[in-house]
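Architecture at a glance
Now for the letters of each chain:
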Amino acid sequence: MSFPLLTVTAAVPALGAVATAAVPAAKRAAAKWVALGFSLATLVLAAIVLVSFDPDGAHFQLTESHPWIKDFGVRYELGVDGIAVALIALTALLIPFIILAGWHDADPLEEASPNRRWRPTQGFFALILMVEAMVVISFEATDVFLFYIFFEAMLIPMYFLIGGFGDRAGGRSEEESATQRSYAAVKFLLYNLAGGLIMLAAVVGLYVVTADDLGTGTFSLQQITDARAAGTLDFATSTERLLFLGFFFAFAVKAPLWPLHTWLPNAMGEATSPVAVLITAVVDKVGTFAMLRFCLQLFPEASKWATPVIMVLALISIIYGALLAIGQRDIKRLIAYASISHFGFIILGIFAMTTQGQGGATLYMVNHGISTAALMLVAGFLITRRGSRLIADYGGVQKVAPVLAGTFLIGGLATLSLPGLAPFISEFLVLVGTFSRYPALGIIATVGIVLAALYVLVLYQRTMTGPVKAEVRGMPDLKVRELVVVAPLIALLIFLGVYPKPLTDIVNPAVDHTLSVVDKKDPKPDHPVTDAGWFSYSPMHDRASGGAK
Amino acid sequence: MNPVNYLYLAALLFTIGAAGVLIRRNAIVLFMCVELMLNACNLAFVTFSRMHGNLDGQIIAFFTMVVAAAEVVVGLAIIVSVFRARHSASVDDASLMKL
Amino acid sequence: MENLIGLLVAAPLLGAALLLCGGRRLDGKGHLLGTALALASFVIGAVLFADMLGRDEHDRALHSHLFSWIPVGGFRADVAFQLDQLSMTFVLLITGVGSLIHIYSIGYMEHDERRRRFFGYLNLFLAAMLLLVLADNYLLLYVGWEGVGLASYLLIGFWQHKPSAATAAKKAFIVNRVGDVGLSIAIMLMFTTFGTFAFAPVLSNATDASEGKLTAIGLMLLLAACGKSAQVPLQSWLGDAMEGPTPVSALIHAATMVTAGVYLITRSGAIFNNAPDAQTAVVTVGAVTLLFGAIVGCAKDDIKKALAGSTMSQIGYMILAAGLGPIGYVFAIMHLVTHGFFKAGLFLGAGSVMHGMNDEVDMRKYGGLRKYMPVTFVTFGLGYLAIIGFPGLSGFWSKDKIIEAAFAKGGTEGWILGGAALLGAAITAYYMTRVMLLTFFGEKRWVPDEQGNEPHPHESPKSMTIPMIVLAFGSVFAGGLFSLNDAFLKWLEPVTSHSHGHSPLSAATVTAGTMVVLLIGVAIAWVQYGRRPVPSTAPRGSLLTRAARRDLLQDDFNHVVLVKPGEYLTRGLVYVDHKLVDGVVNGTAASVGGLSGRLRKLQNGYARTYAVSMFGGTAVLIAATLLMRAV
């Protein structure tokens, strides 16, 4: 038996969580290093996964398969395609930065009683690693039931991270922020739980349907798609649609898609910024990822049936999220609404059902993770310094803390998809992919880029430029730890913006596979240019061949 | 004698026990009523065993006795500690867990 | 040689990276590094130019494919450069004028503590602009397109502590984004039509596509051009952009970046040639803007804003020429280059004046400066003569050709366009004479500022005057040199193609007409500002003057039509999101809470109540079982 690389990749952060939680109360500082160490080990493992993945090889690679609950046909089945590999890499990459950025977020308020039994520091970092483990295994699981368990279990550590470690800097009383925090945490939990329970019903339904058709019920994605291709499994149209809706609802809550989005601004606003990054850049990606992997591949016909409605909802998300971002007064809520807009793009790309759309959506997941992390973490550094989340409390930061302002601007420019930075590529691909099938939707979505410029630049202008406000004076610039967090993210944004080929090479075959399962082909151009040798052309020849009348 | 008569007796005992549980307030009496219900069941089990000519009923009767013994141990301990704390064995006084 | 093309972009990009990431270590020498790299880029450009001249005119284009950028399915974008005569013209203009302005900025920004960053931004701009003109496909052009937008944003807002500068920067970026929507859609249309968006395959196969598609692409490209080149209706940002340091106004908002729209249209000639409706739109935009900018330029008292109006107007000429098709492309580019010289020179002159006048920009507070700053006066004066089209100077050669080409369009359209162009020439002569008179002639009108500092006008240092002198040479001789033997036409023709058209008027008639309107314009300005003393506060003026001072109400229009409704919309949506979308959810939660509050009453704490419900439940279950059995 080969080395169970995927299991180990998910197990290491889980072990790390246990180890971090086990650090004695008196040595809370050590817990941070333990957590960082484990997250870096996971990063190394993810890198090994990335390297050992062969883009031209089988669809699912590094597979592991063991029977788990035999009576119900549940198997412990892991496997990764290009999309999963990219997202595992993203997750493993972001967690060390999240831990570093949140280095002091869970320090006890008063150092007077370091030995008390309550251990928030250990808990904070252990929970982050726990989330990482569950997210990673969700990306790896190819058994629907296995996926479902971790998809739901993720809520538990997230609930505690949001409710237990909220932002101290709110400009409000401790009591009021505690109320807001628990409201946000409960809202997060209920929304996602509701989605999850509906999905559970669909998961059970899936078992019943497969048991009917195949004799033995199964949750294995591979088996189901194979059986569908072979014709041995045939969903009734209405059954397929219902099951699809059950799955999609859960993922749409997680993603979040308008109008199921309102938990996100609350959760991101109340959580500390590293946790907010964890929510939007890591956990939410499971939702969009699962749409690609489960919704489309399990229920291709129903996906096509639901496409028009979903496309419209995604479009509403884009415009609505951006407009609301413009109207926000709170920096973190603004970024949350911007994320809603971006998730709209991702879902638009997925359901455009074109190579560019889905490839772009996958890249978008990765790029949005990095860019939002950069913007949100810098915003977090800013908020910690001043102790307020309100945009109006800032002004002229650029003058006192130029590096902070500069990194904030780059994060913002990435958010508005400036060409040259990574998000541009994914956004443009999504737009092209959408446009080539639904021109009108593509054009409306393009308006989103103007709105994005508006909310980012208004935010930058109000916080960073203008006369220096009294409370901002004397604000220190980024510290070394904070630079270590931000600089690599920015470098990555630039690198992936200039040379995204390593990523597209991995993602493309997976997208082609998904589209072949759905049985959709890219629309052909009206007048394809057949000229093969256009790399080495000379404009004069073209001119001679009749460019001008 | 017709074994059905034993069943009537068991039903009667069970009803008396149930009525006691519903009506009485003293925890000890309540407890005794529960025992009465359990023993009524035991009687029914043994009767069935006799009627069907196998040992299943008798085996279950033993189980019931073990459960009853365990229940007495835990239940009495609770009643005693409640009595110590509140100087009352009335179950109506112990209604603090409602909101 | 091909490899040098990459270096052309890489040199300033390296400068930007070093200067922006280098930290305070580079504060002392940063400006020299930035200037050296700009010059390096110019030298490389010159080498490539020499090489290009050495080759046969039909074999001059170079192509350099660096790497595959975004390969996803049928969507292939490459990082590849293409250097033909058109790009070469731009490369020389950008790096040449760019280097001069780097040198000028050494002096101009001497006392600014953030000078290193200024040079970093300038280098970033050069790199992006070179990328824009060297790209071999529209998507890479888009990168440069937004790159110059970013540099422009950073440089307009360079003095960020001024809220007006920060606002102007934001406005410029956002208005440009509207144009970018056009470019995005154009690229998408190309992709769905041709399956590619590289110049060569799209342009050489443009005739395959239907006219409707080409018109759509053309209109979208025009929208993009309007944004970048400040053409009506996306012109409103250019005046505000004058908040940036003057060298920026000279380089970005006069000589190079704002002309990118002209480049885009000229480059996409094959599309426009086959889409007459799109061409009509282009010439309309050009004609309207050339008058619009000129009228605004007449009313402004801020020297930079007057020049900005003029820039808008001159670019209107170029767009007009580009919209004329093969008759006009060459002259659009020629005017672009000569304009690059004289307008950069004029802006640098304005900067020099401001430098000597404590950053005063109000021309009504200048007057008689020719005695105090002779070099500035002479160079500015030469630029002035060039822009109004004084015979023999650069502007004469290029503008005259455009007016001629406009008439050559033929039909009523030709007469209207030609008339507009002639009228524009008259207004140009008027407002430029006004600027000249207000600034350098008449009595001195400056007064001490609030702190009581009286300006002491003085000539600027050598690092500033030398670039001005070089640009003045360009303003005087470039046009003549280009027209000698039709050199410029022959140079560009292989790329843009050229046809003469049939002008209803002879060339001599047009020239004569131009001279007449020019004289009229100068004369009116002389009567108004030269003969009698100028009040140092502006008179109320006619309705048109007041409207023109407010940029012909463009901002008011945008405010009423876009900004206000937008504000209401976002505010309304915030309310809706909170009350309605969230309200539905919270309402559900509240009703569940209410229900459970009622149900809670059942939990009264009495053990016997629970026991009754247990017995009752059991009884019901047994009864149900028995019933089922009975049935």
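Quick caveat: nothing in here was measured; it's all calculated off a predicted structure. (Residues numbered from 1 in each chain as written. Chains lettered and ligands numbered in written order. Predicted model: local features only at pLDDT ≥ 70, side-chain atom pairs only at ≥ 80, totals over all residues. Heavy atoms only, no water.)

1. Here we look at the UniProt feature "transmembrane region" (unreviewed entry) in chain B
Residues and elements named next belong to chain B.
- UniProt records the feature "transmembrane region" (unreviewed entry) for residues 6-23, 28-48 and 60-83 in the present numbering.
- Within the segment residues 6-23, helix and strand shares are 100% and 0% respectively, and the terminal C-alpha atoms sit 26 Å apart.
- Between the C-alpha atoms that bound residues 60-83 there is a distance of 33 Å. The span itself is 100% helix and 0% strand. (UniProt positions renumbered as here; feature names shortened; annotations may be inferred. Helix = DSSP H or I, 4+ residues; strand = E, 2+ residues; numbered from the N terminus.)

2. Brief notes about a negative patch on the surface
- A surface patch of negative charge is lined by Asp 56, Glu 57, Asp 59 and Glu 493 of chain C.
- By secondary structure assignment, the location of Asp 56 of chain C is in the loop between helix H2 (30-53) and strand E1 (62-72). (Patch = residues over 30% accessible without salt bridge, like charges linked within 9 Å, V, L, I, M, F, W, Y side chains within 5 Å. Areas by Shrake-Rupley, 256 points an atom, 1.4 Å probe, with all protein chains shown as cover. Salt bridge = Lys/Arg side-chain N within 4 Å of Asp/Glu carboxyl O. Lys, Arg positive; Asp, Glu negative; His and termini not counted. Charge placed at Lys NZ, Arg CZ, Asp CG, Glu CD.)

3. A short note on the interface of chain C and chain B
- Across the boundary between the two partners, chain C contributes 9 residues, which contact 11 residues of chain B.
- The tally of links from chain C across to chain B stands at 0 salt bridges.
- Counting the contacts that link chain C with chain B gives 0 residue pairs in polar contact (both at pLDDT 80 or more). (Contact = heavy atoms within 4.5 Å. Polar contact = N/O pair within 3.5 Å; in protein donor to acceptor, adjacent residues only side chain to side chain.)

4. Some remarks on the packing of helix H17 (residues 394-408) of chain C against helix H21 (residues 507-530) of chain C
Residues and elements named next belong to chain C.
- H21 packs onto H17 with a crossing angle of 115° between their chain directions and a minimal axis gap of 10 Å. Two packed elements cross with a definite hand, and for H17 against H21 that hand is right-handed. Contacts between H17 and H21 pair Phe 396, Asp 400, Ile 403, Glu 404 and Phe 407 from the former with Ala 507, Val 510, Thr 511, Thr 514 and Met 515 from the latter.
- The residue inventory of the contact of H17 with H21, partitioned by class, reads 6 nonpolar, 2 polar and 2 charged. (Axes fitted to C-alpha atoms, helices over the stretch in contact; angles between N-to-C directions. Left-handed = near helix turned anticlockwise from the far one by under 90°. Nonpolar A, V, L, I, M, F, W, Y, C, P; charged D, E, K, R; others polar.)

5. With respect to the interface of chain A and chain C
- The interface of chain A with chain C comprises 73 residues on the first partner and 79 residues on the second.
- The contact between chain A and chain C buries some 6,600 Å² in all, and 68% of this surface belongs to carbon and sulfur atoms.
- Counting the contacts that link chain A with chain C gives 1 salt bridge.
- Glu 113 of chain C is paired through a salt bridge with Lys 399 of chain A; the nearest N and O atoms lie 3.9 Å apart.
- Our count for the contact surface shared by chain A and chain C stands at 15 residue pairs in polar contact (both at pLDDT 80 or more).
- Among the elements that take part in the side of chain A that touches chain C, helix H18 (residues 439-464) of chain A stands out by supplying 10 residues, more than any other.
- Here the side of chain A that touches chain C is composed, by residue class, of 42 nonpolar, 23 polar and 8 charged. (Buried area = accessible area lost by both parts, 1.4 Å probe.)

6. Quick notes on the pattern of salt bridges
All names here are of chain A.
- Throughout the structure, instances matching the rule amount to 21 salt bridges over all chains.
- The residue Glu 240 makes a salt bridge to Arg 228 at a minimum N-O spacing of 3.3 Å. Of this pair, Glu 240 sits in helix H9 (residues 237-254) while Arg 228 sits in helix H8 (residues 221-230), and the two are 12 residues apart along the sequence.
- A salt bridge links Asp 393 to Arg 386; its shortest N-O distance comes to 3.9 Å.
- Asp 393 gets classed as partly exposed once you look at its relative accessible area, which sits at 23%. (Buried < 20%, exposed > 50% of the residue type's maximum accessible area, 1.4 Å probe, protein only.)

7. Describing the arrangement of the chains
- Interchain contacts are distributed over 2 pairs of chains, and the most extensive set of them lies between chains A and C.
- Regarding chain A and chain B, the two do not touch, and the least distance separating their C-alpha atoms is 21 Å.

8. Brief notes about the environment of Ala 21 of chain A
- Tracing the sequence through the fold places Ala 21 of chain A in helix H1 (residues 5-22).
- Spatially, the C-alpha atoms of Ala 21 of chain A and Ile 318 of chain A are 40 Å apart, while their sequence positions differ by 297 residues.

9. Focus on the side chain of His 339 of chain C
Residue and element names in this part refer to chain C.
- In this structure, His 339 sits in helix H15 (residues 329-356).
- With a relative accessible area of 0%, His 339 lands in the buried category.
- Discounting chain neighbours no more than four positions away, the residues touching His 339 are Ala 254, Thr 311, Gln 314, Met 318 and Ala 344.

10. Points about the packing of aromatic side chains
- Counted under the stated rule, the structure contains 46 aromatic pairs over all chains.
- When the centroid spacing of 5.2 Å and the interplanar angle of 85° are considered together, the rings of Tyr 499 of chain A and Phe 67 of chain C count as edge-to-face. Here Tyr 499 of chain A is found in the loop between helix H19 (480-498) and helix H20 (501-518), whereas its partner Phe 67 of chain C is found in strand E1 on a different chain.
- Classification of Tyr 499 of chain A as partly exposed rests on a relative accessible area of 31%.
- The interplanar angle of 35° and the centroid separation of 4.7 Å between the aromatic rings of Phe 482 of chain C and Phe 488 of chain C together place this pair among those described as tilted. Both residues of the pair, Phe 482 of chain C and Phe 488 of chain C, belong to the buried class.
- Taken together, the ring pairs in this structure connect Phe 147, Phe 151, Phe 235, Phe 247, Phe 251, Phe 294 and Phe 299 of chain A into an aromatic cluster. (Phe/Tyr/Trp six-rings, centres within 6.5 Å; stacked < 30°, edge-to-face > 60°.)

11. With respect to the nonpolar core
- By size, the foremost hydrophobic cluster in this structure holds 412 residues, and its most contacted members are Phe 247, Phe 251 and Phe 351 of chain A together with Leu 139 of chain C.
- It is helix H11 (residues 273-298) of chain A that provides the largest number of residues to this core, a total of 17 residues.
- Contacts of Phe 351 of chain A, omitting those with residues within four sequence positions, involve Phe 244, Phe 248, Met 291, Leu 296, Ser 303, Thr 307, Ile 310, Met 311 and Tyr 438 of chain A. (Core = buried A, V, L, I, M, F, W, Y, C linked by side-chain atoms within 4.5 Å.)

12. Observations concerning the confidence of the model for chain A
All names here are of chain A.
- Per-residue pLDDT for chain A averages 86, and the proportion of residues at 70 or more is 93%.
- Note that pLDDT drops below 50 for residues 112-117; the model gives that stretch 7 contacts with residues more than four away or on any other chain.
- Per-residue pLDDT stays below 50 along residues 532-549; that stretch engages in 40 contacts with residues further than four places along the chain or on separate chains. (pLDDT = per-residue confidence, 0-100.)

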